[in-house]
Amino acid sequence: MTELGGFQDHVARVDLSSGDVNYESIDEEDAKKYIGARGLGVKYVFDNGTDVDPMSDENLLAMMNGPLTGTQVVMSGRIAICTKSPLTGTVTDSHHGGWSGARLKWAGFDGLLFEGKSEDPVYAVIEDGEVELRDASHLWGMGFHETRDTLEEECEGSYGKNMSVMGIGQAGENGVKYACIMNEDDRSSGRGGTGCVMGNKNLKAVVVKSGTKMPKPADPDTFKKGHQQAMQVIQESDVTAPNEGGLSLYGTNVLMNATEEMDGLPVKNGKYTSTRSFRENEGGDIDAEEVSGENVRENILVDEPTCHSCPVACKKEVEVTTSHKGEDLNVRMESYEYESAWALGPNSMHTDRDRIAVMIDQCNNFGMDTIETGNIIAMAMEMTEEGKLDGLGEGIEWGDVESMIDLIEDIANREGDLAEHLGEGQSHMAEEFDGHDNLLSVKGQAIAAYDPRCMKGMGIAYATSNRGACHLRGYTPAAEILGIPEKVDPYAWEGKGELTATFQDLHAISDSFDICKFNAFAEGIEEYVMQYNGMTGLDVSEEELMTAGERVYNLERYYNNLAGFDGSDDTLPGRFVEGHENAVPGQGGSEGSLCELDRMKEEYYEHRGWVDGVVPDEKLDDLGIDVGPGTGVSSGGDAAAPSDD
């Protein structure tokens with residue numbers, strides 16, 4: 001039991017196999033060590049065992065909020081979904097914004113732990129500290145949008161006012177390895193295949209109805225001081241200031257033109273580093289500006305919704321009228337994100353702004369990660385060009401938006417040989433069809449819209465991310481593009497190991513609070529400490545809080561070590577790396593540049609205190625990670641099986 005402020009001290013353990021629901025307290029020592037949300041969620045997944053099959057009944061699906069979720073803290077509306085990933089085989093956590101995290105806290109919960117597998121489809125209703133399972137057979141086969149609307153009526157709520165729905169579409173039901181969990185109006189826990197795990201458990205949705213149990217700060221004076229200081233720096237930041245520019249005006253897609261201009265935008269499955277470089281080398285008329293945040297705001301923006309306690313309002317709701325195979329289409333959806341627009345646009349060799357909106361809307365309704373979907377389609381386009389998919393029909397040609405729209409639906413429904421294989425992810429395609437030189441992934445998860453030939457920090461961040469390639473584990477573009485906390489040379493590799501580790505630990509803290517990473521464009525560890533201490537009643541120092549973030553990151557890495565991962569898995573796609581036979585140097589402003597991965601890994605491991613990507617026993621001891629006897633990792637990198645303790 002914990003008496004820390006910010007916690008409800010109430011977690012539901014739901015056995016889907018039997019239908020039993022048991023309620024338990026939060027372990028206070030774990031809460032102090034791992035903070036909450038991501039940290040505590042990963043601890044639950046770790047304790048469940050590292051050798052479970054992600055697609056087995058034994059895999060745990062944890063939905064966790066943190067001690068700052070649902071409070072007055074700015075951007076505190078997030079929730080962490082933690083599990084073992086069916087896409088990568090690593091531990092994973094995937095977050096979404098909106099209101100479901102806050103509402104789960106207000107309904108009296110710190111988290112929901114789903115075990116086992118229901119014989120028939122079910123959904124869970126969360127209200128007033130109780131969990132009820134209901135039949136979802138009538139919902140099975142529905143897209144997320146219809147599911148959400150149906151449950152709003154059934155549960156007598158309004159997802160815009162007092163109710164949130166977290167659920168899956170057809171992709172999760174059909175075991176697409178990068179299926180995601182959707183929430184409210186197109187917010188998603190997009191990465192790692194969390195929706196695939198949810199579908200495998202026959203859990204269609206989780207309905208959360210608001211309560212009135214908002215936690216009060218244990219130390220109101222400290223909290224007030226920290227909150228006021230946080231609000232001030234957010235309002236003064238060029239990136240987060242409400243209605244002043246940056247995220248507030250253009251959303252995440254403010255980065256499209258900025259990344260294009262510095263030749264850091266992967267194009268044509270990463271062969272080029274900007275649409276300009278492509279035009280100069282091959283001709284054609286694709287132009288990243290056509291899908292930029294500025295273009296979207298000027299032409300198709302219709303609304304700017306926001307999440308709980310957020311003045312930034314980075315979500316940009318759009319409406320487009322276009323056509324598909326001669327039929328008119330009208331789509332209104334939230335939201336036109338940078339990563340989605342890139343993956344389904346320039347990296348797939350087109351910049352059809354309105355068709356991209358259609359494809360994002362498809363992915364949201366089917367419940368599929370837009371980053372992974374766009375990347376694997378680009379991979380299939382390149383493999384088609386090289387004749388590697390001749391046994392799977394005609395494949396798909398570069399920039400064929402009509403076929404892309406059809407293929408997205410086919411992948412979600414596992415219809416057709418090509419779609420069936422693409423639904424398994426990039427690693428599967430590489431193994432089955434000699435596509436190792438065509439994939440843009442790390443540990444099975446696809447990269448995001450930042451080219452490591454231009455931003456070297458992103459290279460080591462992709463390689464060492466605990467959940468596969470990811471820009472959100474350690475967002476080095478903050479320093480390399482935006483100059484936060486200070487400007488660093490994006491082309492220099494020296495110092496990027498330490499920079500990346502610092503960002504990784506800092507983001508582990510914010511993910512465990514659980515608050516939006518965008519506040520890190522303004523706030524720092526000083527604001528974090530005051531708000532955390534004020535809410536919980538603790539008196540941790542800045543150094544102690546950073547150590548907690550480091551502890552979370554090392555627990556994740558240790559989980560992966562026990563699951564069979566080591567430094568040999570901290571890789572990058574060959575076309576990005578110096579000395580690789582498949583290397584493709586950058587063009588334009590990044591001309592001739594390649595990523596010095598081995599040198600950065602050496603620097604990174606030394607800073608982390610790891611041995612070839614493995615957490616040694618002494619590091620576990622230093623961080624107070626108590627894993628019990630028989631779970632140590634030797635300095636040679638061999639992982640022993642975890643004990644039953």
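Structure's up top.
Residues numbered from 1 in each chain as written. Predicted model: local features only at pLDDT ≥ 70, side-chain atom pairs only at ≥ 80, totals over all residues. Heavy atoms only, no water.

Enquirer: So what exactly am I meant to see when it comes to the packing of helix H13 (residues 353-366) against helix H15 (residues 401-413) here?
Expert: Any two packed helices are characterised by how steeply their axes cross, that is the angle between the axes, and by the distance between the axes. Where H13 meets H15, the closest approach of the two axes is 10 Å, and the angle between their N-to-C directions is 0°. Compared by their axis directions, H13 and H15 come out roughly parallel. Contacts between H13 and H15 involve Arg355, Val358, Met359, Gln362, Cys363 and Phe366 on the former and, on the latter, Val401, Glu402, Met404, Ile405, Ile408, Glu409, Ala412 and Asn413. (Axes fitted to C-alpha atoms, helices over the stretch in contact; angles between N-to-C directions. Helix = DSSP H or I, 4+ residues; strand = E, 2+ residues; numbered from the N terminus. Parallel < 35°, antiparallel > 145°, perpendicular 65-115°, else oblique. Contact = heavy atoms within 4.5 Å.)

Enquirer: I tried to follow the nonpolar core on my own but got confused; where do I start?
Expert: Soluble, globular proteins show a tendency: their nonpolar side chains are buried together. In this structure, Tyr336, Tyr450 and Leu545 are the most contacted members of the largest nonpolar core, which totals 156 residues. Each residue touching Leu545, except ones within four places of it in the same chain, is listed here: Ile35, Ile509, Phe513, Ile525, Tyr528, Val529, Tyr532 and Val540. Grouped together as the second largest cluster of nonpolar side chains are 24 residues, Met63, Ile168, Val197 and Leu203 included. (Core = buried A, V, L, I, M, F, W, Y, C linked by side-chain atoms within 4.5 Å. Buried < 20%, exposed > 50% of the residue type's maximum accessible area, 1.4 Å probe, protein only.)

Enquirer: Help me understand the side chain of Ser85 in this model?
Expert: Among the structural elements, Ser85 can be located in the loop between strand S4 (79-84) and strand S5 (91-96). Residue class for Ser85 comes out buried when judged on its relative accessible area of 0%. Those residues within four positions of Ser85 in sequence are excluded, and the remaining contacts are Pro54, Thr90, Thr92 and Gly192.

Enquirer: Teacher, can you tell me more about the sheet that holds S5 here?
Expert: Sheets are built from strands that pair by backbone hydrogen bonding, the pairs being arranged parallel or antiparallel. Strand order in the open sheet made by the 6 strands is S2-S1-S6-S3-S4-S5, with mixed pairing throughout. This sheet does not close on itself; its edge strands, each paired only once, are strand S2 (20-24) and S5. Strand-to-strand, the axes of this sheet are offset by a mean angle of 15°, without reference to chain direction. Two strands pair when backbone bridges link them, and strand S3 (residues 61-64) and strand S6 (residues 111-115) are joined in this way by 4 bridges, in the antiparallel orientation. Looking at S6, one finds that Met63 is bridged to Leu112. (Pairing = 2+ DSSP bridges.)

Enquirer: Can you help me understand the packing of helix H14 (residues 370-385) against helix H17 (residues 426-433) in this one?
Expert: The N-to-C vectors of H14 and H17 enclose an angle of 20°; their axes lie 10 Å apart at closest approach. Overall, the two elements H14 and H17 adopt an arrangement that is roughly parallel. In this structure, the crossing between H14 and H17 has a hand that is right-handed. On H17, the residues that touch Glu372, Asn375, Ile376, Met379 and Met383 of H14 are Gln426, Met429, Ala430 and Phe433. (Left-handed = near helix turned anticlockwise from the far one by under 90°.)

Enquirer: Where do I start with H14 in this structure?
Expert: Residues spaced three or four apart along an α-helix face the same direction, because each turn holds 3.6 residues. Compared with the 22 Å implied by 1.5 Å per residue over 16 residues, the 23 Å span of H14 between its first and last C-alpha is a close match. In terms of burial, H14 is a largely internal element, 15 of the 16 residues being buried. With a side-chain oxygen lying 3.0 Å from the backbone nitrogen of Ile371, the N-terminal cap of H14 falls on Asp369. Just downstream of H14 lies Gly387, where phi reads positive at about 75°. (Expected span 1.5 Å × (residues − 1). Polar contact = N/O pair within 3.5 Å; in protein donor to acceptor, adjacent residues only side chain to side chain.)

Enquirer: Please explain the sheet that holds strand S13 (residues 301-303) as it appears in this structure.
Expert: Reading across the sheet, the 3 strands line up as S13-S14-S15 and stay open at both edges, with antiparallel pairing between neighbours. At either end of the open sheet lies a strand with only one pairing partner, and these are S13 and strand S15 (327-333). The mean angle between the axes of side-by-side strands here comes to 30°, regardless of whether they run parallel or antiparallel.

Enquirer: Can you walk me through the pairing of S15 in this structure?
Expert: A regular strand carries its side chains on alternate faces of the sheet. Here 7 bridges tie strand S14 (residues 317-324) to S15, and the two strands are oriented antiparallel to one another. Residue pairing in the sheet places Thr322 in a bridge with Leu329 of S15. Here S14 hands over to S15 after 2 residues, with Lys325 in that stretch at a positive phi of 55°.

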